[in-house]
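Structural description and commentary
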Amino acid sequence: MTLYLKYRPKELDELDLDNVRESLKKVVKSGKIPHAFLFSGPKGTGKTSAARILAKIVNCENRRSNSVKPCNKCEQCKSIEAGNNIDVIELDAASHRGIDDIRSLREAVKLSPSSAEKKVYIIDEAHMLTTEASNALLKTLEEPPEHVMFILATTNPEKLIPTIRSRATSIHFKNASTDEVVRCLERVTDGEKVKAEKEALERIARASGGSFRDAIKIVE
């Protein structure tokens, strides 16, 4: 397993982008988690990790009401973490971008979750959907079943049709600061029991261009 996957954040407090961490904690604490999110920003800044954490939060069997922490021990949490929970569906819109794909999704959405509280659809590179597929998805976003949550992730939010953007709660992921990347790298080096001077980690952070993924790859 690569270090990036090994040290992927497992709860909101481990997200290294300060604004994303605090925004999502505020939403969860409100007790009114929206049925649709739009995560936008550069690659390697934690969009998919944050999406999986949200999926755990809404489906954790042991989470207290309005708590921001999934237990990470129940079957729902463990299967979502492993990527094999049948009620948490990750789709790459680059390869499932057509109207037929979204029609199939719309039919599947009507079915109740098999064992989870909510069915969560994580659609990566959502801007790759065709116009026809986007309009079909919009109809589901406008009148979603109670048991469904959508998380759209994209590097190019401006390419999504405006009506989809308006139906989702937007969370912007920016390029990480040097301090944010260093904090991430310190978690990795501490976990691997590798001694690393802070100056060295700062140089790696600057070379990563604000991408957690690229920074960890350099360390690896």
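Preceding this section is the structure that the text describes.
Scope of this entry: the structure provided in the associated data block. (Residues numbered from 1 in each chain as written. Predicted model: local features only at pLDDT ≥ 70, side-chain atom pairs only at ≥ 80, totals over all residues. Heavy atoms only, no water.)

A few points about the packing of aromatic side chains
In the structure shown here, the tally under the stated rule is 3 aromatic pairs. When the centroid spacing of 5.2 Å and the interplanar angle of 50° are considered together, the rings of Phe 39 and Phe 173 count as tilted. One end of the pair, Phe 39, is in strand 1 (residues 36-40); the other, Phe 173, is in the loop between strand 5 (169-172) and helix 8 (178-191), and 134 residues separate them in sequence. The exposure classification of Phe 39 matches that of Phe 173, with both residues buried. Through a chain of ring-to-ring contacts, the aromatic side chains of Phe 37, Phe 39 and Phe 173 assemble into a single cluster. (Phe/Tyr/Trp six-rings, centres within 6.5 Å; stacked < 30°, edge-to-face > 60°. Helix = DSSP H or I, 4+ residues; strand = E, 2+ residues; numbered from the N terminus. Buried < 20%, exposed > 50% of the residue type's maximum accessible area, 1.4 Å probe, protein only.)

A word on the packing of helix 8 against helix 10 (residues 212-219)
Relative to each other, helix 8 and helix 10 sit at 45°, their axes nearing to 10 Å. With respect to helix 10, the element helix 8 is oriented oblique. Helix 10 is crossed by helix 8, and the crossing has right-handed handedness. Counting all contacts with helix 8, which are made through Glu 180, Val 181, Cys 184, Leu 185, Val 188 and Thr 189, the residues of helix 10 involved are Phe 212, Ala 215, Ile 216 and Val 219. Among the residues making up the contact of helix 8 with helix 10, the classes are represented as 8 nonpolar, 1 polar and 1 charged. (Axes fitted to C-alpha atoms, helices over the stretch in contact; angles between N-to-C directions. Parallel < 35°, antiparallel > 145°, perpendicular 65-115°, else oblique. Left-handed = near helix turned anticlockwise from the far one by under 90°. Contact = heavy atoms within 4.5 Å. Nonpolar A, V, L, I, M, F, W, Y, C, P; charged D, E, K, R; others polar.)

Some thoughts on empty space enclosed by the protein
A full pass over the atoms with the stated rule returns 2 cavities of 30 Å³ or more. Computed from the structure, the largest cavity encloses a volume of approximately 140 Å³. Taken together, 17 residues form the lining of the largest cavity, with Pro 9, Asp 16, Thr 45, Gly 46 and Phe 212 sitting closest to its centre. Of the residues contributing to the lining of the largest cavity, the split by class is 10 nonpolar, 4 polar and 3 charged. One number sums up the size of the second largest cavity: a volume of about 30 Å³. Around the second largest cavity sit Arg 52, Ser 79, Ile 80, Gly 83, Asn 84, Asn 85, Val 88 and Glu 90, which together line it. Those elements giving two or more residues to the lining of the second largest cavity turn out to be helix 4 (75-82) and strand 2 (88-92). Here the lining of the second largest cavity is built from residues that sort into 2 nonpolar, 4 polar and 2 charged. (1 Å grid on protein atoms, 1.4 Å probe; cavity = no way out; pocket = protein on both sides within 12 Å on 5 of 7 lines; lining within 4 Å. Points joined across faces, edges and corners; volume = space filled by probe spheres on them.)

Here's the deal with the sheet that holds strand 4 (residues 148-154)
Here we have 5 strands laid out as an open sheet, ordered 2-3-4-1-5, and parallel in their pairing. Strand pairing shows two members of the sheet lacking a second neighbour, strand 2 and strand 5, which therefore form its edges. Direction aside, the axes of adjacent strands within the sheet are offset by 15° on average. Strands in contact with helix 2 (residues 18-29) are strand 1 and strand 5; relative to strand 5, the strand with the most contacts, it is inclined by about 155°. (Pairing = 2+ DSSP bridges.)

With respect to the packing of helix 8 against helix 9 (residues 198-207)
Between helix 8 and helix 9, whose axes approach to 9 Å, the crossing angle comes to 120°. One finds that helix 8 runs oblique with respect to helix 9. Between helix 8 and helix 9 lies a crossing of right-handed hand. Residue-level inspection shows Thr 178, Val 181, Val 182, Leu 185, Glu 186 and Thr 189 of helix 8 in contact with helix 9, the latter providing Lys 198, Leu 201, Glu 202, Ile 204, Ala 205 and Arg 206. Tallied by class, residues from the contact of helix 8 with helix 9 come to 6 nonpolar, 2 polar and 4 charged.

Quick word on helix 6 (residues 131-142)
With 12 residues, helix 6 should reach 16 Å at 1.5 Å per residue; the first-to-last C-alpha distance of 16 Å fits that figure. Here helix 6 has its buried residues at Ala 133, Ser 134, Ala 136, Leu 137, Leu 138, Thr 140 and Leu 141. Its buried side turned inward, helix 6 meets strand 1, helix 5 (99-109), strand 3 (119-124), strand 4 and helix 7 (162-167). (Expected span 1.5 Å × (residues − 1).)

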